Amino acid sequence: MINFSLQKQLHTAAGEMQLQVSAQIERGKFVSLYGASGTGKTSILRMLAGFMKPDDGFINVNDTVWYHASGKRNIEPQQRRIGFVFQDYALFPNMNVRENILFALGKNESPAIVDELLDVTGLTNLAARKIQTLSGGQQQRVALARAIANKPAILLLDEPLSAIDNEMRVYLQDTLKEIHQRYALTTILVSHNANEIIKLSDLVIHLDQGRFQQQTTPARFFQNGQEAAKIAGNIVSIDENGNAVVLIENRLVSVPVAGQQLSINDKVEITCSNIKADLSKQGK
Ligand SMILES: Nc1ncnc2c1ncn2[C@@H]1O[C@H](COP(=O)(O)OP(=O)(O)OP(=O)(O)O)[C@@H](O)[C@H]1O
């Protein structure tokens, strides 16, 4: 069980924001943190990992106190048994794939686990390859294998798949699911992607302006909640009729701008209403 309560004053572009959150996460659960940009999702992961010191609160993980403000306890990141995967891969470029994973193993860990990790992340045939020769998706698989090598008490994933193309992203989502089923690691994923959250998580926590607003199942959150029909994308152009052409995953959708000041590359959220949906089976 992970039990935390965290307070931190954040300096945002719009001014000061008081992050104040608490949660209890059962062992082995896969939880997604969802919320708009700048609401404090990464800060929460960084505080759990010990990279950012909270102003107040506590972090208890499986009956061990990692942080306690009034008890003046704050254990080092290296002692927290955390696996962390960021959007950028942070691998050792001069080592090959196997060496990168081996490096992460604890002193008492048998190197035999490396073959299992290579297998579960689909890297067996790339074990001797130098990191620079791999694609982004392959590098992210190495980062994942490295993060779970020590069987962390918490696996923290900060938008690990957002810079990866769609096909590889789906493959990596399957890998994440397989890893979670096999090792039952308590996992916290930061993601903006409803698809990913629904596919992977037991619970979604909605963070808004530094506060947890809702904790529920992804099905409930995306079906009936206020997030029901919102899709995120980026503007690639604005046509002569005043429609924004928005890239959503690998499709372009044209949406009326309706008098808003928008430019190319802006991140936007499209709210849909009165959808007439037809369904046709495309296979398993
Ligand atoms: N050490 C710090 N002290 C104070 N404020 C900080 C610190 N680190 C980051 N911030 C600010 O906290 C705010 C929230 O940042 P954070 O990265 O946690 O948001 P986020 O929800 O993960 O956003 P995104 O989805 O864009 O990654 C930002 O405005 C950031 O500048």
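Being a predicted model, the structure only gives us computed values, none of them experimental. (Residues numbered from 1 in each chain as written. Predicted model: local features only at pLDDT ≥ 70, side-chain atom pairs only at ≥ 80, totals over all residues. Heavy atoms only, no water.)

### Topic: the environment of Ala 145
Here is step 1: One can find Ala 145 in helix α4 (residues 136-148).
Here is step 2: Relative accessible area serves as the criterion here: at 0%, Ala 145 is assigned to the buried category.
Here is step 3: In contact with Ala 145, not counting residues within four places along its chain, are Ile 101, Leu 117 and Thr 121. (Helix = DSSP H or I, 4+ residues; strand = E, 2+ residues; numbered from the N terminus. Buried < 20%, exposed > 50% of the residue type's maximum accessible area, 1.4 Å probe, protein only. Contact = heavy atoms within 4.5 Å.)

### A closer look at the pattern of salt bridges
Here is step 1: Enumeration according to the criterion identifies five salt bridges in this entry.
Here is step 2: As a salt-bridge pair, Arg 98 and Asp 115 come within 3.0 Å of each other at their nearest N and O atoms. Residue Arg 98 is located in helix α2 (residues 97-103), and its partner Asp 115 is located in helix α3 (residues 112-120); the two are separated by 17 residues in the primary sequence.
Here is step 3: Note on Arg 98: relative accessible area 31%, which makes it partly exposed.
Here is step 4: A salt bridge links Lys 199 to Asp 174; its shortest N-O distance comes to 3.0 Å. Taken together, the residues Lys 199 in helix α6 (residues 194-200) and Asp 174 in helix α5 (residues 166-183) connect sequence positions 25 residues apart.
Here is step 5: Residue classification places Asp 174 among the partly exposed residues on the basis of a relative accessible area of 40%. (Salt bridge = Lys/Arg side-chain N within 4 Å of Asp/Glu carboxyl O.)

### Section: the packing of α4 against α5
Here is step 1: Interhelical geometry of α4 versus α5 gives an angle of 15° and a closest axis separation of 11 Å. With respect to each other, α4 and α5 are oriented roughly parallel. Taken as a pair, α4 and α5 cross one another with a handedness that is right-handed. Facing Gly 137, Gln 138, Gln 140, Arg 141, Leu 144 and Ile 148 of α4, the residues of α5 in contact are Met 168, Tyr 171, Leu 172, Thr 175, Leu 176, Ile 179 and Tyr 183. (Axes fitted to C-alpha atoms, helices over the stretch in contact; angles between N-to-C directions. Parallel < 35°, antiparallel > 145°, perpendicular 65-115°, else oblique. Left-handed = near helix turned anticlockwise from the far one by under 90°.)

### As for the side chain of Gln 138
Here is step 1: Checked against the element boundaries, Gln 138 lands in helix α4.
Here is step 2: Relative accessible area serves as the criterion here: at 17%, Gln 138 is assigned to the buried category.
Here is step 3: If we ignore the near neighbours within four places in the chain, the residues touching Gln 138 are Leu 123, Leu 126 and Met 168.

### Quick look at the packing of aromatic side chains
Here is step 1: Taken as a whole, this structure holds six aromatic pairs when the rule is applied.
Here is step 2: On the basis of an interplanar angle of 75° and a centroid distance of 5.5 Å, the ring pair of Tyr 34 and Phe 221 is categorised as edge-to-face. Here Phe 221 lies in helix α7 (residues 218-223) and Tyr 34 lies in strand β3 (residues 30-34), a separation of 187 residues in the sequence.
Here is step 3: Using a relative accessible area of 9% as the deciding quantity, one classes Tyr 34 as buried. (Phe/Tyr/Trp six-rings, centres within 6.5 Å; stacked < 30°, edge-to-face > 60°.)

### Digging into α5
Here is step 1: An ideal rise of 1.5 Å per residue puts 26 Å on 18 residues; α5 measures up with 26 Å between its terminal C-alpha atoms.
Here is step 2: When α5 is considered as a whole, its buried residues turn out to be Met 168, Arg 169, Leu 172, Gln 173, Thr 175, Leu 176, Ile 179, His 180 and Tyr 183. Projected onto a plane normal to the axis of α5, the buried residues spread over an arc of 165° and lie on a single side. Seen from the open side of α5, the exposed residues pointing more than 90 degrees away from its buried face are Glu 167 and Gln 181.
Here is step 3: Taken from the residues just after α5, Ala 184 is the one with a positive phi, measuring 50°. (Expected span 1.5 Å × (residues − 1). Arc of directions from axis to C-beta.)

### Some thoughts on the domain arrangement of the protein chain
Here is step 1: For the protein chain, the domain assignment lists domain 1 (2-223) and domain 2 (230-271).
Here is step 2: On a C-alpha basis, the centroid separation for the pair domain 1 and domain 2 is 30 Å.
Here is step 3: At the junction of the two partners, domain 1 supplies five residues and domain 2 supplies four residues.
Here is step 4: For the domain 1 and domain 2 pair, buried surface summed over both sides reaches about 330 Å², with 25% attributable to carbon and sulfur atoms.
Here is step 5: Remark: the boundary between domain 1 and domain 2 carries zero salt bridges.
Here is step 6: Viewed at the interface, domain 2 and domain 1 are joined by zero residue pairs in polar contact (both at pLDDT 80 or more). (Domains from an automatic or database assignment. Buried area = accessible area lost by both parts, 1.4 Å probe. Polar contact = N/O pair within 3.5 Å; in protein donor to acceptor, adjacent residues only side chain to side chain.)

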